[in-house]
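Close look at the chain arrangement
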Amino acid sequence: MHLIRCVGAIAVLLALGATLSGRTGEVERTVFPMATRWSVDVAGAPATAPVSDDRQVYLALAGGGIVAHGLTDGAQRWRRDGLTADQPLATDGTDVFVAAAHAIHALRAADGRDAWQHPDITPTAPLLAAAGWVFAATADGVVALRARDGSLVWRREAGDVRERPALEGDRLYLSRTDGNIVALRVDSGAPVWQQKLGGAPGGVYATADRVYAGAADKYFYCLDAATGQIEWESRVGATFQGAPAGDAMHVYFTALDNTIRALDRGNGAVRWWKPLADRPATGPIVVGITVLVPAAGAELWSFDTRSGQSTGTVPIPPQLAVPPALTNQGKAGLLVFAITGNLSNQWKLTLVETAGDPPLEPLPAIPGWPPLIAGPSRAPLTALPGEVHDIGTPPLGGRVWVVPLSALPGVSRPPGR
């Protein structure tokens, strides 16, 4: 970060290559540039897309077996045979959860050994592992287990569920095939509300105050999280693909008319929509100021969340076996795991990640001084008086926030200056 000296003032160059959020002290970066970290052979074709934590990536093999590879170099850390996953894996960083042979198996992430097993559960949707819980949706409801030991906390008959449940705060949300979205209490499974939509809902995106889902009637719905009442609905006219995603301003979803749309979270107004060059493989994911959409082919499209402007594509190897798995690393960027194969039954796992220098951080807090940062609009958020000036171009210049020295607590103007 460059400091530009001015007579009687201090000028702080705003962080370049990153966007400072509207919340004090937070920096959001784009996912670019991206580069391949490693590409390694794997033991066979995948059954589902991989999942990862902050140390390893885990694969379920179509021929049976669960394999863990290290994030640093891609080397195989362990393999557990004898399990054929019926649903995508889930992990909480401590254990890896596998739905196989009418049971839920927890394998230790460190070595793949058994942590626990709970029998007589046949999930009909991907498992959800979060906040110390493991939730398994079934053909007649949902089961809640404690992640640490597999003990059954509650089982609730709630109808046929084929989508991964969504967890937000003290609520668990289920999409039922009969067209209802159901809200349950996390601690007990007690019903809070259910709301009938015009068709079977897909995956749910939930926030503290609203619940969003596309339905089979080709409408996109927003429900009040407290009551389940429909706040607004938007006619799309196409089948939805995957679960929605969102940020503080928008909710995003993909559809099989080969589009991605961004709607205002509050009122459903269309803020932007963009055509896609191919069929989307899943729903979108939001990473900082970028929303990404995996394609059915070997592409991953990215768009600016605010304008919808294309920000490029992520380089993914061709001949994908399953859609790429995306992991949001926050300030560190994005991890993309791609599994590819060929007619010779040779399979590779490739990690593509955000590369380059990390984003510049805001100035450290100085006791008695307000933070000196700016938001996405580049409007200063500090209470200090000052002005924004453009001085030259990066890297030697840039946009600066000029603050009079007299405005800084405890700082006086030097005599004769």
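Going by the structure above, here's the rest.
The structure contained in this document is the topic of the report that follows. (Residues numbered from 1 in each chain as written. Predicted model: local features only at pLDDT ≥ 70, side-chain atom pairs only at ≥ 80, totals over all residues. Heavy atoms only, no water.)

1. Focus on unusual backbone geometry
Convention followed: The numbering of helices and of strands both runs from the N terminus, where a helix is a DSSP run of H or I of at least 4 residues and a strand a run of E of at least 2. Remark: exposure states derive from per-residue accessible area (1.4 Å probe, protein chains only) relative to the maximum for the residue type, with buried under 20%, exposed over 50%, and partly exposed in between.
Residue Pro33 is bonded to the preceding Phe32 through a cis peptide linkage, with omega at 0°. Mapped onto the secondary structure, Pro33 falls in the loop between strand 4 (27-29) and strand 5 (34-42). Unlike most non-glycine residues, His102 shows phi in positive territory, near 60°. On the basis of relative accessible area, His102 is assigned to the exposed category, the value being 54%.

2. Comments concerning the pairing of strand 8 (residues 66-70)
Worth spelling out the cut-off: When DSSP finds at least two bridges between two strands, those strands are taken to pair.
Of all the five residues making up strand 8, five are buried; the element is thus mostly covered by neighbouring parts of the structure. Here strand 8 shows a buried face lined by Ile66, Ala68 and Gly70 and a second buried face lined by Val67 and His69. Inspection of the sheet shows strand 8 paired to strand 9 (residues 76-80) by four bridges, in the antiparallel sense. Paired with His69 across the two strands is Gln76, which belongs to strand 9. Joining the antiparallel neighbours strand 8 and strand 9 is a turn of five residues, in which Gly74 adopts a positive phi near 80°.

3. Comments concerning the environment of Pro294
In plain terms, the rule: A contact between two residues is defined here by any heavy atoms of the two lying within 4.5 Å.
Relative to the elements of secondary structure, Pro294 occurs in strand 31 (residues 290-294). Between the C-alpha atoms of Pro294 and Pro323, which are 29 residues apart in sequence, the distance is 6.8 Å. With residues near it in sequence (within four places) discarded, Pro294 still touches Pro280, Ala281, Thr282, Gly283, Glu299, Leu300, Pro324 and Leu326.

4. Side note on the side chain of Ser175
The criterion, for reference: Polar contacts, as used here, are pairs of N or O atoms within 3.5 Å; protein pairs need one atom able to donate a hydrogen and one able to accept it. Residues neighboring in sequence count only if both atoms are side-chain atoms.
With respect to the helices and strands, the residue Ser175 is situated in strand 19 (residues 171-175). A polar contact is formed between the side chain of Ser175 and the backbone oxygen of Gly202, at a distance of 2.6 Å.

5. Some remarks on the nonpolar core
Formally: Here the nonpolar core consists of buried residues drawn from Ala, Val, Leu, Ile, Met, Phe, Trp, Tyr and Cys, with membership extended through side-chain atoms lying within 4.5 Å.
Core analysis: the biggest nonpolar cluster contains 15 residues, and Trp133, Phe135, Val142, Trp154, Leu172, Leu174 and Leu184 have the highest contact counts within it. Secondary structure elements with two or more residues in this core: strand 15 (133-138), strand 16 (141-146), strand 19 and strand 20 (180-185). Per-element tally for this core: the top contributor is strand 15, with three residues. Leaving out residues up to four positions away in the same chain, Val142 has contacts with Phe135, Ala136, Ala137, Trp154, Arg155, Arg156, Leu172, Leu174 and Leu184.

6. Examining the sheet that holds strand 25 (residues 230-235)
Defined as follows: Axes here mean lines fitted to C-alpha atoms, for a helix over just the part in contact, with angles spanning 0 to 180 degrees between N-to-C directions.
Across the sheet, which stays open at both edges, the four strands sit in the order 22-23-24-25 with antiparallel pairing between neighbours. Two strands close off the open sheet at either side, each with one partner strand: strand 22 (201-206) and strand 25. Across the sheet, the axes of successive neighbouring strands diverge by a mean angle of 20°, strand direction being ignored. Pairing of strand 24 (residues 219-224) with strand 25 involves five bridges; the strand directions are antiparallel. Each residue of the ladder has a partner; that of Leu223, found in strand 25, is Ile230.

7. Looking at the pattern of salt bridges
As a reminder, the rule being used: Criterion for a salt bridge: a side-chain nitrogen of Lys or Arg within 4 Å of a carboxyl oxygen of Asp or Glu.
Tallied over the full model, the rule gives 17 salt bridges. A salt bridge links Arg210 to Glu231; its shortest N-O distance comes to 3.0 Å. Of the two residues, Arg210 is situated in strand 23 (residues 210-215) and Glu231 in strand 25; the sequence distance between them amounts to 21 residues. Judged by its relative accessible area of 18%, Arg210 is buried. Overall, Glu231 belongs to the partly exposed group, its relative accessible area being 36%. With a shortest N-O distance of 2.7 Å, Arg306 and Asp304 are connected by a salt bridge. The class of Asp304 is buried, set by a relative accessible area of 12%.

8. Details of the sheet that holds strand 17 (residues 152-157)
Strand order in this open sheet of four strands is 14-15-16-17, and the pairing throughout is antiparallel. What marks the edges here is a single partner per strand, and that holds for strand 14 (128-130) and strand 17. On average, each strand axis in the sheet is inclined to that of its neighbour by 15°, with strand direction left out of account. As judged from the five bridges shared by strand 16 and strand 17, these two strands associate in the antiparallel manner. When the sheet's bridge partners are listed, Leu145 is paired in strand 17 with Leu152.

9. Structural notes on the packing of aromatic side chains
To be explicit about the condition: Aromatic rings from Phe, Tyr and Trp, with only the six-membered ring used for Trp, were paired whenever their centres fell within 6.5 Å, and each pair was classed as stacked if the ring planes differed by under 30 degrees, edge-to-face if by over 60, and tilted otherwise. As a reminder, the over-ring test applies to NZ of lysine and CZ of arginine, requiring each to be within 6 Å of the ring centre and within 35 degrees of the ring normal.
In the structure shown here, the tally under the stated rule is 15 aromatic pairs. On the basis of an interplanar angle of 40° and a centroid distance of 6.1 Å, the ring pair of Tyr58 and Trp78 is categorised as tilted. You can see Tyr58 sitting in strand 7 (residues 56-60) and its partner Trp78 sitting in strand 9, a full 20 residues away along the chain. Centre to centre, the rings of Phe220 and Phe240 are 6.0 Å apart; their planes meet at 50°, and the pair counts as tilted. Of this pair, Phe220 sits in strand 24 while Phe240 is found in strand 26 (residues 240-246), placing the two residues 20 residues apart along the sequence. Comparing Phe220 with Phe240 shows no difference in burial state: the two are buried. In this structure, Arg146 packs its charged tip against the face of Trp133, placed 5.7 Å from the ring centre.

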